[in-house]
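Given next are the chains, with one letter for each unit.
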Amino acid sequence: MITGEDPLGWDTTAAADAYRDRDMRPAEKLIFPAVLQRPGHSPGPDRLVLDGGCGTGAIAAQLTGGGEWRVQALDPSADMLDMAGADRPHARISYRLFDGRTLPRLADDSVDGAVCGLVYCTDPDDDRLTALTAEIHRVLRPGAPYLLADLNPAATGVGFRTLRHGEPGAVYADGDTVPTLPRLRDGTTMTSVTHYRSLDRYRSFPTEAGFPSPPWTCPRSPATQPGRTNRRRPGPRPT
């Protein structure tokens, strides 16, 4: 139960406006470096990366920052795409609307790497995510990497500097709706929801689609004060 205000749906104009102003500093330090390392060992201007659920284009912009990749950046939200195109235009990024489950514009074995950043946690529909993961497997070249970067299910209820997903002390099961409060750059928070999935459930999406059993990593922020213990942050689960 979220009190104080109604949660914003991720595909609404209001959510896009708020998400535009979210505090991305931890992601820039923890998740983005992992994303940039995973798409492949031989980047080049003719190599294509899929950013599925690109939102406002933060990851897509990182991938093209060095001029090394062409990016197909897809999202089900027209509002998010409008903001991505306005805030992060780039000649190597193609922003396109999609249905969240199919990739009809992409041929089999045509993509050199794929990323989904904070996508699975925002979608309540396991069937749609299963279809999307199978489509990503279809379009990737053999051996090309897929990075699934999402919220850490072991960190529900933990209050981080820029996010809290879940109520402190609450226990969640696969499919549960989780109150989520991302912090914005002005210090306020937006009220939204995500959808809990255990690590085993996360792993099942790629394996059911035909990927090998994926490893997972949890990036940690270095201690910022002497004697301070590192705290587990939301992190990527690469496949």
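All residue numbers here refer to positions counted from 1 along the written sequence of the relevant chain. Totals for whole chains, interfaces and linings use every residue, but because this is a predicted model, local features are given only for residues with pLDDT of at least 70 and side-chain atom pairs only at 80 or more, for both listing and counting. With hydrogens and water stripped out, all remaining heavy atoms of the structure feed into the side-chain values.

Asker: Before we move on, could you go through the overall build of the chain and cite the residues and values that matter?
Answerer: Within the chain one finds 6 helices and 9 strands. The buried label goes to any residue with under 20% of its type's maximum accessible area, the exposed label to any with over 50%, and the partly exposed label to all in between, with areas taken from a 1.4 Å probe on protein chains only. The buried share of the chain, reckoned over its 239 residues, is 50%. Contact definition: two residues touch when any of their heavy atoms are within 4.5 Å. Looking at the chain alone, contacts between residues at least 24 apart form 65% of all its contacts between residues at least 6 apart. Counting only carbon and sulfur atoms, one obtains 49% of the accessible surface of the chain, whose full area is about 11300 Å². Numbering of helices and strands runs from the N terminus, with a helix taken as a DSSP run of H or I at least four residues long and a strand as a DSSP run of E at least two residues long. For the area figures, the Shrake-Rupley method with a 1.4 Å probe applies, and any residue is considered shielded solely by the protein chains shown.

Asker: Describe the packing of helix 1 (residues 13-20) against helix 4 (residues 78-87), naming the residues involved and giving the relevant values.
Answerer: Close contact between helix 1 and helix 4 brings their axes to 8 Å; oriented N to C, the two are set at 35°. In this structure, helix 1 meets helix 4 at a crossing whose hand is right-handed. Residue-level inspection shows T13, A15, A16, D17, Y19 and R20 of helix 1 in contact with helix 4, the latter providing D79, M80, M83, A86 and D87. Lines fitted to C-alpha atoms define the axes, with helix axes restricted to the stretch in contact, and inter-axis angles between N-to-C directions lie between 0 and 180 degrees. By the definition used in this description, the sense in which the near helix is turned from the far one sets the handedness, with an anticlockwise turn below a right angle giving left-handed and a clockwise turn giving right-handed.

Asker: I'd like to hear about the sheet that holds strand 7 (residues 177-182), residue by residue, with values.
Answerer: For two strands to be treated as a pair, DSSP must find at least two bridges joining them. If you walk across this open sheet you meet the 3 strands as 6-7-8, and the pairing is antiparallel. This sheet does not close on itself; its edge strands, each paired only once, are strand 6 (163-165) and strand 8 (192-195). Within the sheet, the average angular offset between the axes of one strand and its neighbour, ignoring direction, is 30°. In this structure, strand 7 lies alongside strand 8, joined through 4 bridges in antiparallel fashion. Within the sheet, the bridge partner assigned to V178 lies in strand 8 and is T194.

Asker: Could you give an account of the pattern of salt bridges, naming the residues involved and the relevant values?
Answerer: For this analysis, a salt bridge means a side-chain nitrogen from Lys or Arg found within 4 Å of a carboxyl oxygen belonging to Asp or Glu. All told, the structure shown has 9 salt bridges when counted by the stated rule. Note that R101 is salt-bridged to D125, the shortest N-O span being 3.9 Å. Here R101, found in the loop between strand 3 (93-97) and strand 4 (113-117), pairs with D125, found in the loop between strand 4 and helix 5 (126-139); they are 24 residues apart in sequence, far enough to count as distant. On the basis of relative accessible area, D125 is assigned to the partly exposed category, the value being 24%.

Asker: Run through the nonpolar core, naming residues and quoting values.
Answerer: Side-chain atoms within 4.5 Å link the members of a nonpolar core, which is a set of buried Ala, Val, Leu, Ile, Met, Phe, Trp, Tyr and Cys residues. By size, the foremost hydrophobic cluster in this structure holds 26 residues, and its most contacted members are L50, L103, Y120, I136, L140 and Y146. The dominant element in this core, judged by the number of residues it contributes, is helix 5, at 4 residues. Counting residues in hydrophobic clusters, the runner-up holds 12 residues, among them V49, A60, L63 and V115.

Asker: Outline the environment of Y120, listing residues and values.
Answerer: Topologically, Y120 is positioned in the loop between strand 4 and helix 5. Accessibility expressed as a relative area gives 0% for Y120, which makes it buried. Between the C-alpha atom of Y120 and that of L151, which follows or precedes it by 31 residues, the distance is 8.9 Å. Setting aside its immediate chain neighbours within four residues, Y120 contacts L129, T133, Y146, L148, D150, R197, Y202 and F205. A polar contact is formed between the side chain of Y120 and the side chain of T133, at a distance of 2.7 Å. Within 3.5 Å is the distance limit for a polar contact, defined as a pair of N or O atoms, with the added protein rule that one can donate a hydrogen and the other accept it, and that residues adjacent in sequence qualify only through two side-chain atoms.

Asker: Account for unusual backbone geometry, naming residues and giving values.
Answerer: Phi at D109 is positive, roughly 55°, even though this residue is not glycine. The residue D109 is located in the loop between strand 3 and strand 4 in this model. Judged by its relative accessible area of 41%, D109 falls in the partly exposed class. Of note, L118 is a non-glycine position whose phi angle comes to about 55°, a positive value.

Asker: Please set out the environment of P215 residue by residue, giving values where relevant.
Answerer: Secondary-structure assignment places P215 in the loop between helix 6 (199-209) and strand 9 (235-238). Each C-alpha atom of the pair P215 and R203 lies 8.6 Å from the other, and the pair is 12 residues apart in sequence.

Asker: Give a description of helix 1 that names residues and reports values.
Answerer: Buried within helix 1 we find A15, A16, A18 and Y19. End-on, the buried residues of helix 1 take up no more than an arc of 165°, which puts them together on one face. Looking at the buried positions of helix 1, the neighbouring elements they touch are helix 4. Comment: arc refers to directions from the helix axis out to C-beta atoms.

Asker: Tell me what's going on with the packing of aromatic side chains, and back it up with residues and numbers.
Answerer: A pair of Phe, Tyr and Trp rings is counted when the ring centres sit within 6.5 Å of each other, with Trp represented by its six-membered ring. The angle between the planes then sorts it: under 30 degrees is stacked, over 60 is edge-to-face, the rest tilted. Under the counting rule described, the total for this entry stands at 3 aromatic pairs. Plain terms: the ring middles of Y120 and F205 are 5.3 Å apart, the flat faces sit at 70° to each other, and that makes the pair edge-to-face. Placement of the pair is Y120 in the loop between strand 4 and helix 5 and F205 in helix 6, with a sequence separation of 85 residues. The residues Y120 and F205 share a single accessibility class, namely buried.

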